[in-house]
Amino acid sequence: MGAKRVFFDGIVNLEMALPDHLQLRGYLHTLTDYLKSSSVTSVFTTEISSNCKDLITSPDASFIMDSVVILKHVEYENKLRRYTYILKSRGTKHDRGIREYSITNDGLLIKDDVLLDVK
């Protein structure tokens, strides 16, 4: 096929299909290793509970992934706003700020203002 990018929308669906955590971890590890060795950029999504105190994604997936980016909806000043931050990015010195973003006709717009800088 010659794909250069793969977008896997919904690790939750995979978690339901493979309820055995060891089997799921093995599958994800094998899949991500294969994609990396084939020079394919991959993006995996999952959902986390809005009342989650710990912002760790799926315990079976987050340790395998090189980077974890959190997208969050928050009510602020009587408006629903979208925020993003990088939870981890293996091997890089990354921005630790929480930034507001919007989806526009021209694409994703991430504001320069940092809501909160996480040290």
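All values derive from a computational prediction rather than experimental measurement.

1. Notes on the nonpolar core
- Counting 17 residues, the largest nonpolar core has L28, F44 and M65 as its most contacted members.
- Looking at this core, the elements that each hand over two or more residues are α1 (11-17), α2 (21-37), β3 (67-76) and β4 (79-89).
- When residues of this core are assigned to their parent elements, the largest contribution, four residues, is made by α2.

2. Remarks on the environment of T104
- Its location among the elements puts T104 in strand β5 (residues 97-104).
- A polar side-chain atom of T104 sits 3.1 Å from the main-chain amide nitrogen of D106.

3. Here's the deal with α2
- Across its 17 residues, α2 extends 24 Å between first and last C-alpha, which sits within 8% of the 24 Å expected from 1.5 Å per residue.
- Inspection of α2 places L24, L28, L31, T32 and L35 among the buried residues, and these make up the whole buried set. Mapping the buried residues of α2 onto a view down its axis gives an arc of 95 degrees, with all of them on the same face. Across α2 from its buried face, at more than 90 degrees, point the exposed residues L22, T30, Y34 and S37.
- Turning to α2, the residues buried within the fold contact β1 (5-9), α1 and β2 (41-45).

4. Here's the deal with the side chain of H94
- Its location among the elements puts H94 in the loop between β4 and β5.
- For H94, the residues in contact, after removing those within four places along its chain, are I86, L87, K88 and S89.

5. Overview of the environment of T32
- Examined against the element boundaries, T32 turns out to sit in helix α2.
- For T32, a relative accessible area of 4% corresponds to the buried category.
- For the pair T32 and V43, spaced 11 residues apart in sequence, the C-alpha to C-alpha distance is 9.9 Å.
- Residues contacting T32, with those up to four places away along its chain left out, are F44, I64 and M65.

6. Thoughts on the pattern of salt bridges
- Under the defined criterion, the tally for this structure stands at six salt bridges.
- Between R90 and D66 there is a salt bridge, and its shortest N-O distance comes to 3.0 Å. In this pair, R90 sits in the loop between β4 and β5 while D66 sits in the loop between β2 and β3, placing the two residues 24 residues apart along the sequence.
- In this structure R90 comes out as partly exposed when scored by relative accessible area, which is 44%.

7. Remarks on the pairing of β3
- As paired elements, β3 and β4 share 10 bridges and run antiparallel to each other. Each residue of the ladder has a partner; that of K72, found in β4, is Y83.
- Here β3 folds back onto β4, and the loop between the two strands holds two residues, one of which, E77, carries a positive phi near 50 degrees.

8. Some details on the confidence of the model for the protein chain
- In this model, the protein chain carries a mean pLDDT of 83, and residues with pLDDT of at least 70 account for 86%.
- Note on residues 53-57: pLDDT under 50 across the span, and 13 contacts to partners over four residues away in sequence or across chains.

Cut-offs and rules
Residue numbers restart at each chain and count upward from 1, following the sequence in its written direction. For a predicted model such as this one, the threshold for reporting local features is a pLDDT of at least 70, and the threshold for listing and counting side-chain atom pairs is 80 or more; totals across whole chains, interfaces and linings nevertheless cover every residue. Only hydrogens and water are set aside when side-chain values are computed; all heavy atoms of the structure are taken into account. Side-chain atoms within 4.5 Å link the members of a nonpolar core, which is a set of buried Ala, Val, Leu, Ile, Met, Phe, Trp, Tyr and Cys residues. A simple rule labels every residue: compare its accessible area, found with a 1.4 Å probe on the protein chains alone, to the largest value its type can have, and call it buried under 20%, exposed over 50%, or partly exposed in between. Secondary structure elements are defined from DSSP: runs of H or I of at least 4 residues count as helices, runs of E of at least 2 residues count as strands, and each element is numbered from the N terminus. Here a polar contact means two N or O atoms within 3.5 Å. Within protein one must be a hydrogen donor candidate and the other an acceptor candidate, and residues neighboring in sequence count only if both atoms are side-chain atoms. Helix span, as expected, comes to 1.5 Å for every residue beyond the first. The arc in question is traced by the directions running from the helix axis to the C-beta atoms. In what follows, residue pairs with any heavy atoms lying within 4.5 Å of each other are defined as contacts. Between Lys or Arg on one side and Asp or Glu on the other, a salt bridge is scored when a side-chain nitrogen of the former is within 4 Å of a carboxyl oxygen of the latter. By the convention used here, strands pair only if DSSP detects at least 2 bridges between them. One number per residue, pLDDT, summarises how confident the predictor is, and it ranges from 0 to 100.

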